[in-house]
Amino acid sequence: MRATQFHWLADRMLGKAARVPLLPLPTAIETQPVDSGDFAAYVAQRVADGPGGQCEDFGGPELLTFGDLVSQWQQIRGRRRPVVRLPVPDRLGQAARDLTCPTGRRGTLTWSAWLRSHPPE
C-alpha cells in the first residue's frame, strides 16, 4: 500500500528546517500530505475486506504546492522565516508529482486542520 507523505513528518521536517534564519525551498513542488490516522483507517478497512487485488494509492484531501504548505505551517506555528524560492528542475517536479495521487483514495483531515489540532513538538 502506498500513501503520500504524512502530516507529522512534514511538520517535523519544517520544524528542523526553521532553525536556520531563512528557508531555501522548491516552493512550486506539488505535495499531498495525509493524516496517518486516515491512512490507518484505510488499511484497517482493506484488511477487514479481505484479499482483493491491487490497493488504491492513498493521499491527503488536498494538493498543495510546497510554498502553500510552508506558508500555512508558518502561520499556524507562529514562525516567521523568509523563504527563498528555489527553481524546480523538470525531473524534480515530475518526481514530486509521482509522489501524489490525485485520483486515488483520499483522507479527510487537511494539513491546516491537522496543524491546528497537533501542538508543535
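Throughout, a residue's number is its position along its own chain's written sequence, starting from 1. Local features in a predicted model are, by the rule used here, given only for residues with pLDDT of at least 70; side-chain atom pairs are given and counted only at 80 or more, and totals for whole chains, interfaces and linings are based on all residues. No hydrogens and no water enter the side-chain calculation; it runs on all heavy atoms of the structure.

Draft legend 1. Representation of the environment of Cys101 within the structure. Helix and strand definitions here come from DSSP, where helices need a minimum of 4 consecutive H or I residues and strands a minimum of 2 consecutive E residues; each element is numbered from the N-terminal end. Relative to the helices and strands, Cys101 resides in the loop between α4 (90–98) and β6 (105–106). Only protein chains enter the calculation, and the probe is 1.4 Å; a residue is then buried if its accessible area is under 20% of its type maximum, exposed if over 50%, and partly exposed in between. A residue is classified by how much of its surface remains accessible, and Cys101, at 7% relative accessible area, is buried. Throughout, a residue-residue contact means that at least one pair of heavy atoms, one from each residue, lies within 4.5 Å. Cys101 has contacts with Thr4, Gln32, Asp57, Phe58, Gly59 and Arg106, leaving out every residue within four places of it along the chain.

Draft legend 2. Region of interest: the pattern of salt bridges. One side-chain nitrogen of Lys or Arg within 4 Å of one carboxyl oxygen of Asp or Glu is enough to make a salt bridge. A complete count under the given rule lists two salt bridges for this structure. In this structure, Asp57 engages Arg2 in a salt bridge whose closest nitrogen and oxygen atoms are separated by 3.0 Å. Taken as a pair, Asp57 in the loop between α2 (36–49) and β3 (58–59) and Arg2 in the segment before α1 (7–17) lie far apart in primary sequence, 55 residues in all. Overall, the relative accessible area of 25% leaves Asp57 in the partly exposed class.

Draft legend 3. Representation of the packing of aromatic side chains in the model. Here the aromatic set is Phe, Tyr and Trp, taking the six-membered ring for Trp, and pairing holds for ring centres within 6.5 Å; pairs whose planes are under 30 degrees apart are stacked, those over 60 apart are edge-to-face, and all others are tilted. Here the structure, examined in full by the defined rule, presents six aromatic pairs. The interplanar angle of 10 degrees and the centroid separation of 6.5 Å between the aromatic rings of Phe6 and Trp8 together place this pair among those described as stacked. Between Phe6 and Phe39, the aromatic rings sit 5.9 Å apart at their centres with planes inclined by 50 degrees, giving tilted as the arrangement. Separated by 33 residues along the polypeptide, Phe6 in the segment before α1 and Phe39 in helix α2 bring together distant segments of the chain. Owing to a relative accessible area of 21%, Phe6 belongs among the partly exposed residues under this scheme. One aromatic cluster is present, formed by Phe6, Trp8, Phe39, Tyr42 and Phe58 through successive ring pairs.

Draft legend 4. Structural detail: the side chain of Gln74. Here Gln74 shows up in helix α3 (residues 66–77). With residues up to four places along the chain from it excluded, the contact list for Gln74 reads Leu23, Arg79, Arg80, Arg81 and Val83.

Draft legend 5. Geometry of a nonpolar patch on the surface. On the surface, a nonpolar cluster with roughly 280 Å² of combined accessible area is contributed by Trp8, Leu9 and Met13. When you line up the elements, Trp8 lands in helix α1. Nonpolar side chains (Val, Leu, Ile, Met, Phe, Trp, Tyr) within 5 Å and like charges within 9 Å form the patches, drawn only from residues with over 30% relative accessible area and no salt bridge. To measure how exposed things are, a 1.4 Å probe is used in the Shrake-Rupley method; for residues, cover is taken only from the protein chains shown.

Draft legend 6. How the structure looks around the confidence of the model for the chain. With 100% of its residues at a pLDDT of 70 or more, the chain shows a mean pLDDT of 94. Confidence, read as mean pLDDT per element, is least for α4 in the chain (91) and greatest for helix α5 (residues 111–117) (98). Confidence scores labelled pLDDT are given residue by residue by the predictor and lie between 0 and 100.

Draft legend 7. Here's a closer look at α2. The terminal C-alpha atoms of α2 lie 20 Å apart, and with 14 residues this matches the ideal 20 Å at 1.5 Å per residue to within 8%. Burial in α2 covers these residues: Asp38, Phe39 and Tyr42. Along the long axis of α2, the arc covered by the buried residues comes to 95 degrees, so they all point the same way. Counted as exposed and oriented over 90 degrees from the buried face of α2: Val47 and Ala48. Lining the buried residues of α2 we find β3 and β6. Sitting at the head of α2, Asp35 places a side-chain oxygen 3.2 Å from the backbone nitrogen of Gly37. Following α2 by one or two positions, Gly50 adopts a phi angle in the positive range, close to 85 degrees. To estimate how far a helix should reach, multiply one less than its number of residues by 1.5 Å. Here, the arc refers to the directions that run from the helix axis to the C-beta atoms. N or O atoms closer than or at 3.5 Å make up a polar contact, with two conditions inside protein: a donor-capable atom paired with an acceptor-capable one, and, for residues adjacent in sequence, both atoms drawn from side chains.

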